[in-house]
Each structure stands twice: as structure tokens, then as C-alpha cells.
Amino acid sequence: MSDDRIGVYLCRCGGNIGDVVDLGAVVSEVSGMEGVVLVDVQDYLCSSAGQGRIRDDIEAGRIDRVVIGACSPRLHLETFRSMVEGAGVNPLLLEITNLREQCSWVHDDPVEATRKAVGLVKGAVLRVESLESLEPTFKDLKEDVLVVGGGIAGITAALELACERRVLLVERKEYIGGQMIGLSKTFPTFDCSQCILTPRMLDVFNHPNITLYTQTEVLSVEGAVGDFIVTLRRMPRFVDVELCVACGRCVEACPEDAISLPFAQAIPQACIIEKDVCSECGLCEEACAAGAIKLDEEPEDVTINVGAIIIATGFEPIDPDVIEEYNYSHPDVITAIEFEEMLSAKSKTGMRLVKSDGTVPGKVAFVLCVGSRNLNHGNKHCSRVCCLYSQKQAQLLLKINPDADVTIFYIDMRSAGRRMEELYYHTQEAGVKFVRGQVAEINPQEDGKLEVRYEDTLLGDIGRDVFDMVVLCPSLEPSKGSREIASQLGVPIGSDGFIEEKHVKIDPVNTLNQGVFAAGCALGPKDIHDSVTEAMGAAHRVSRFLREGRISISPEKPVITEERCDNCGVCIEECPYDALRATSKGPMLDPLLCSTCGVCAGLCPNHAIEIANYTRRQLKAETEGILSAGACVIVYIDPAAYAAADLAGVNRTEYSPQIRFIEVPSIHIIDGEIVSHAYENGASGVMLIEGTTDERLTSRSKDLYTRLRKETKKYRKPIRYSHIETAQHEKLANLLNVFAEQATARSREVCGTK
């Protein structure tokens, strides 16, 4: 008999769970389990009353282990762990099973949902019964912060943090300011963009705690949370930023126009040489009294050590050529970004809006949602700011030419936010015409004008009109650097390409990689106000993360049993993170380097290595509990893919109720013994689903799958490996449905044969 006193607490979640799952039936099934001394149902376990009930039971000595059946552990695991620890129970003796995102929200059949819930809770009880009280180790955090991206979000985050620590700000371009420095005015107040941003750019350049790297990219990221080792590659400018005073003498001396200042307000305020244009005649060197010209400058790799990273890589517009009918190649069909640049500090037209022939346009059309909200060409998402900046641009155009005829073609006018609806009213009052409908074609005419063919969905008519200029408002996409840095940091990205936040509502600037944060348009399209707000939030989270000076490292790491170990060295050789080293007493683990990938445990020929709290015995026990409620498909899933399963629940994406997830630190801890045990206890199939993008693990996954198929072949039951990234919840659901059908069909075949 077990001496453990397990308390099981089930949450109705205001009907989110209780309206689908028969919690009374779950109580009846679980109450008689060995070690379970009480089962309680609450409306909201996360409330103070719900947590208070658990705390009271612990303090009264009624229970010493806790199982919670509620929403995803992604939401409240740390909250409940802190509560039980405060009440006197080791936080690792708490288990949360997911009855909402992965049960009631994805299954509408109450009978099947209840059967699944019973199995999940039973599995959690058997797992928590064998969990060990473990104490974390601690790791010192590096104090410096890396901010990737020098737009308004990156600038804001850097300045917020620089008052208390050193910040390294990296920007790909020759100057900072991002997309905002290319704007003329900002909506809804029509403030000058340069007037707002340039002082902050100067603050960055002059701040003693900020080191600015322009023309620089992140080459590689190594290390771990709180101790990232980042290699930067800085491309040559051929002009020393510290020495150049932007006097312009070199520009005047250059016969090839190969040297220039990017624009008047550029920061750094230093010239740059286009080496592919430069003939290296040396005239610029002769003209430069400061000795700033460095024609022999080479790319430079710089290694930095930081405790946290903020991704603020911004956006870029989609190429309008994806819609051929819009004839973007015509010189008077321009993008809204190009419209802005004509009127901004970066202007090459003297801050004048002109056509390709140099004349001021008298009749202009703005076409919204170019590549946005489009299932065939471009992106499904709304770019949020297009409705608003097109109104700003229309008003600017009327200030330039009060007699201009301006039309905005829109699908839906979205002017959400404070002062934005007023902007819409003022734009209408200014005389701008609004046509609701989709533009079909933009056809150049022989006289140089542009014919726009469109559908007016309010009037139900097909119309056409002729304009001097057409401004396309393109879909906003993540910058090219976003996907690269996300891959280097192991941060999931969404199906739209933007960085995936840890939780869209309560953790909007954290990522799933602890110590890595994001802000601004790297997380999705937004305006300047929201970008600045997110940057401040990210800076606050970084500051709070680093303030303690150390971080606790989970003690759920590999444990080596000396009696079984024969010092064969396989674990040392195979460890992807060099976390194991040979000693006279056998392999020795460095817990700070270990990622709990489980490769060592899965490959040890003597089963001498187990992952603490994810031992073979514990995983088997959890599987037995789940299968005691009936045959099903067991899915061993890693944390990144588990987040995709949660996302399926949030989006109410249904899939087969035969699916049961068991979260593991990595699928590489699974071996033939664990899979065989699942089959022997009634599993109709086994899946391994991996979400990590770390190639040190994914490169091994095919071999793992092949090995498991071979070792479990005698059971004649299906097994499958799949890679699912966090945002691919629809793909995950389809995959689960197909495999569940295959597993059910195979079970019938096997039963028929017997």
C-alpha cells in the first residue's frame, strides 16, 4: 500500500470543462484509486478560493501530493507550483492534466470527452504517485542584453534597459530608425516622424550603456538561457563611424558617386561607400581630413555574452507583383512605403509627391489589402495599419494639392483604437471618397493614365475610373531576419511567419524560449503606439528576469545508476550538448549544459540513465492509467509541439477523441521498452510528435523512429513520427485524425486475424 496522500482537484472552468465533461463520472472513477484520499470539484481552481482549498488541505496534513484537472499547464503551472510550495509541498509533486485545451475544447461528444478525461486523470494520479521531491540547481545570469533590430521597438527597448545595464543593439541596415524613419507624418495626430524619432536615435548613439552595431547580423547563437554566446558579423562600411564628421568632402571628391550619407538625419551620422561602385581611386581618402576612410576594411566577427535577447526585427511589405493584375511595374503605380519616402527625410524628390514625369498627381487612388486577407495571393492576415495610414496619406495629399481627387478602395474599413474613428470622420470631411469593394485590375492607358476596374459591393456595381497615380497598400510581412533569428534561438514562428508569443493574452512579449523576448512588428503588424508599448513591456520582462542575478535550473535531468553503467562512453559520445564528460568514476553530467533532451537515456545499452521524474517506470505508469479507461492512441509529444496542441484547443480545432497526449521533455527519451509497454496495455497506436527546431535533435529523429519501428514490429500496431511546429495546429489536427483512423483499422485487422 502506498503511504502517499493524493488530492485530486477538478475544475469546471465556468462551464468550459464542466459543460462537456461529466466531472461527476470522473470523480467516481478516480475516488477508489490507491493513494487518492480526496477528490474535489471547483468552479474555478485558479481563483483564490480554489487555490485556498488546496492550500488548506495541504496545511491540514490531509494531502502531500496534488493532481489538478483543469486548463493547460502552460497557463497556471507556475502559479499552482508556487502555491503548493508555500503550503509546504515540493512543487514537483504537483501534476496538471489538460482537460480543457486538449479535451473539452476539441471534442464535442460528452461520452468520449468524459472517457478521455477519466484516463487522463488516472494517468496523472499514477504519475504523481511515483514523482520525486527534487531541488533545483541555480545558474548565474549574464547582465548584458542583446536587442536585435534598430527600429522604434528596438530603440525603445534599448533605451528602457540602458538605465540599469549594458545593451547591445544590432541593426542590419547602415542606420537605425527602421520603417518609422521613412515615414513623413504619423497618424492620427500628424506629428512629424523624424521629430519624434531622431532625438531617440541620438540618445541611442550617445548612451554610454548602449553599444550600437549597424550593418550587422546575428551569425550564430550558442549557450543556454541566461548565458547566450552570440556571434555577430559586422559588414564593412569602409568609413570609420567614430572618426567621420559627415562634412561631405569625400562625397564631393568621389567621381563615381560611390560614397554618400544615407540621409540627412541618419544615425550613425557617417558616410558609407558602395564598394561595388567604388574604383578605389583614393580621392576620398585625400579629401578626408579626419582619416575616416578605410578602403581595406573587412567583415568582422564579434562574440558577445548576454543574459537575455529581445527580437525586434520589424516588418517589410509584400512584393505587390504577387498580384499581376495591379501592374506594379508601372512607374506611377507605387506602394504606400514609396509614397511616404517621397515626403520623408529620406526623400529623393525634395519631399514632393510627384509622378514619374515630375508633375504633381491630380487624381489618386489608394488600394487597400494588397496581398492581405487574400487566400490566393499573399497572406491571410489583416495588416492592421493600412486603413489608417491610407487615410493619413489621403489627407496629406489634399494638403499638398487641395484640388486633388482622392479615392480609397477598401474591403472593410477598420479604424479601431483611440482617436482612430475620429481620423476616419475627418478624412471623409476632407472630401476623400471611399469605395467599398475589391479592385480587379489596374490597366495603364496610352495617355499615361491608369484605369482602375473595381467592384462596388455597396452598390452592387462593376465600375471603372481613371487616375494619375495609384498607391498600393501592401500586406505587412515579417522581415527576412525574423525567421533566421527565430531558428537560431529555437523560437517558434506562426503560420504567418511572425514570432509566436508564449501566450497571446497573458504573456504577449515572452517567447517559448525562456530568456528570449519579442516586441513590435516581429510579433505581428501593429502601429507605432503598440510597438512602443510592447517594447516597454519586453524591457520590463527582461529587467525582471535578470534582476535576481540567477535562474533556477530544473532538477529533472539525467541520473546515472553507477551499478548499471559499464563506462562504454556511448552517452558521452552521443550527447548533442557536450553535457557529459568522462571521469574515473564514470560519466559526469553538467546540469547547466544539459537540455534534458534524453538522447543519453534512450541510447544507453544498459538502461543505466533515466531522466528524473520521466523515468521509464513513471512513463509506463502514466500510460497504464490513461489506457485503463479504454484503448486509444498514445502520443508522446515535446513542449513545442504540445503548444500546438493547446493552440488547436484555443481555436476549437476538433480531432479524434482517441488521441491522448503525454508530454515529455524530448521524444528522444522514448525507447522500445516504453512503446512496447503501451502496446501491451492496449494502445492502438503510438505517435512521436516533435516541435523543436534544434537540428541537434531533429537530425536524430529519423534514426529514432526507425529503431522504434524495428524494436516493436512484433506488435503489428502502427507507430509514426511527425514534426509539428507550434503554429501548425491545423496540420496537427489533420495528422491526428488520419493516424487515429489507421490505428483503429489496424486494431480491427489484428483482432480479426486472432
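Here, every reference points to the structure presented above.
All figures in this text were calculated on a predicted structure; none of them were measured in a lab.

K.L.:
So what's going on with the overall build of the protein? Which residues, and what values?
P.N.:
Tallying secondary structure elements over the protein gives 21 helices and 36 strands in all. For the protein, whose C-alpha radius of gyration is 30 Å, the value lies close to the compact-globule estimate of 27 Å for 754 residues. Viewed in the frame of its principal axes, the protein has a C-alpha envelope of about 90 × 70 × 55 Å. Sorting the 754 residues of the protein into buried and exposed places 55% on the buried side. Put simply, 73% of the contacts in the protein that link residues at least 6 apart link residues at least 24 apart. Put simply, the protein shows about 32,600 Å² of open surface, and 47% of that area lies on carbon and sulfur atoms. Of note, the protein has its 78 positive side-chain charges centred 4 Å away from the centre of its 111 negative side-chain charges.

K.L.:
Any chance you could break down the pattern of salt bridges for me, citing the residues and the numbers?
P.N.:
Evaluation of the coordinates by the stated rule reveals 36 salt bridges. Of the charged contacts, one joins R464 and E451 as a salt bridge, the two residues approaching to 3.2 Å between their closest N and O atoms. Separated by 13 residues along the polypeptide, R464 in strand β24 (residues 461–467) and E451 in strand β23 (residues 450–456) bring together distant segments of the chain. Residue class for R464 comes out exposed when judged on its relative accessible area of 54%. Through salt bridges with shared partners, a single ionic network connects D40, R53, D57 and R62.

K.L.:
Which residues make up the packing of helix α5 (residues 110–129) against helix α17 (residues 616–627), and what values do they have?
P.N.:
Two numbers describe how α5 lies on α17: the axes approach to 7 Å, and their chain directions differ by 150 degrees. When the axis of α5 is compared with that of α17, the two are roughly antiparallel. Pair α5 / α17 crosses with right-handed handedness. Listed contacts from α17 to G119, L120, K122, G123, L126 and R127 of α5 are Q618, A621, E622, E624, G625 and I626. Tallied by class, residues from the contact of α5 with α17 come to four nonpolar, four polar and four charged.

K.L.:
Residue-level account of the nonpolar core, with values.
P.N.:
V8, I54, V66, I68, V125, Y636 and I670 are the most contacted members of the largest nonpolar core, which has 80 residues in total. At eight residues, the largest contribution of residues to this core is made by α5. Those residues in contact with I68 that lie beyond four places of it in its chain are Y9, L45, I54, F80, L94, E95, I96 and T97. Listed in part, the 42 residues of the second largest apolar core include A157, Y175, M180 and A538.

K.L.:
Describe the packing of aromatic side chains, and please don't skip the residues or the numbers.
P.N.:
Under the defined criterion, the tally for this structure stands at ten aromatic pairs. Judged by centre distance (4.9 Å) and plane angle (85 degrees), the rings of Y175 and F263 are edge-to-face. Here Y175, found in the loop between β7 (167–170) and β8 (185–186), pairs with F263, found in the loop between β13 (259–260) and β14 (272–273); they are 88 residues apart in sequence, far enough to count as distant. With respect to burial, Y175 and F263 carry one shared label: buried. One Lys or Arg, K399, reaches over the ring of F190 and ends 4.8 Å from the middle of that ring. Over the ring of F138 we find R550, and its NZ or CZ is 3.7 Å from the ring centre.

K.L.:
If you had to explain the sheet that holds strand β16 (residues 308–311) to someone new, which residues and values would you point to?
P.N.:
One open sheet holds the five strands; their spatial order is β10-β7-β6-β16-β27, and the pairing between them is parallel. For this open sheet the edge positions go to β10 (210–213) and β27 (516–518), each flanked by a neighbour on one side alone. Going across the sheet, the axis of each strand differs from the next one's by a mean of 20 degrees, ignoring polarity. Summarising the sheet, β16 and β27 pair through three bridges and their orientation is parallel. When the bridges of β27 are listed, I309 appears paired with V516. This element, helix α6 (residues 152–162), spans β6 (145–148), β7, β10 and β16 of the sheet and lies at about 170 degrees to β7.

About the thresholds
- Residues numbered from 1 in each chain as written.
- Predicted model: local features only at pLDDT ≥ 70, side-chain atom pairs only at ≥ 80, totals over all residues.
- Heavy atoms only, no water.
- Helix = DSSP H or I, 4+ residues; strand = E, 2+ residues; numbered from the N terminus.
- Rg over C-alpha atoms; globule rule 2.2 N^0.38 Å.
- Buried < 20%, exposed > 50% of the residue type's maximum accessible area, 1.4 Å probe, protein only.
- Contact = heavy atoms within 4.5 Å.
- Areas by Shrake-Rupley, 256 points an atom, 1.4 Å probe, with all protein chains shown as cover.
- Lys, Arg positive; Asp, Glu negative; His and termini not counted.
- Charge placed at Lys NZ, Arg CZ, Asp CG, Glu CD.
- Salt bridge = Lys/Arg side-chain N within 4 Å of Asp/Glu carboxyl O.
- Axes fitted to C-alpha atoms, helices over the stretch in contact; angles between N-to-C directions.
- Parallel < 35°, antiparallel > 145°, perpendicular 65-115°, else oblique.
- Left-handed = near helix turned anticlockwise from the far one by under 90°.
- Nonpolar A, V, L, I, M, F, W, Y, C, P; charged D, E, K, R; others polar.
- Core = buried A, V, L, I, M, F, W, Y, C linked by side-chain atoms within 4.5 Å.
- Phe/Tyr/Trp six-rings, centres within 6.5 Å; stacked < 30°, edge-to-face > 60°.
- Lys NZ or Arg CZ within 6 Å of the ring centre and 35° of its normal.
- Pairing = 2+ DSSP bridges.

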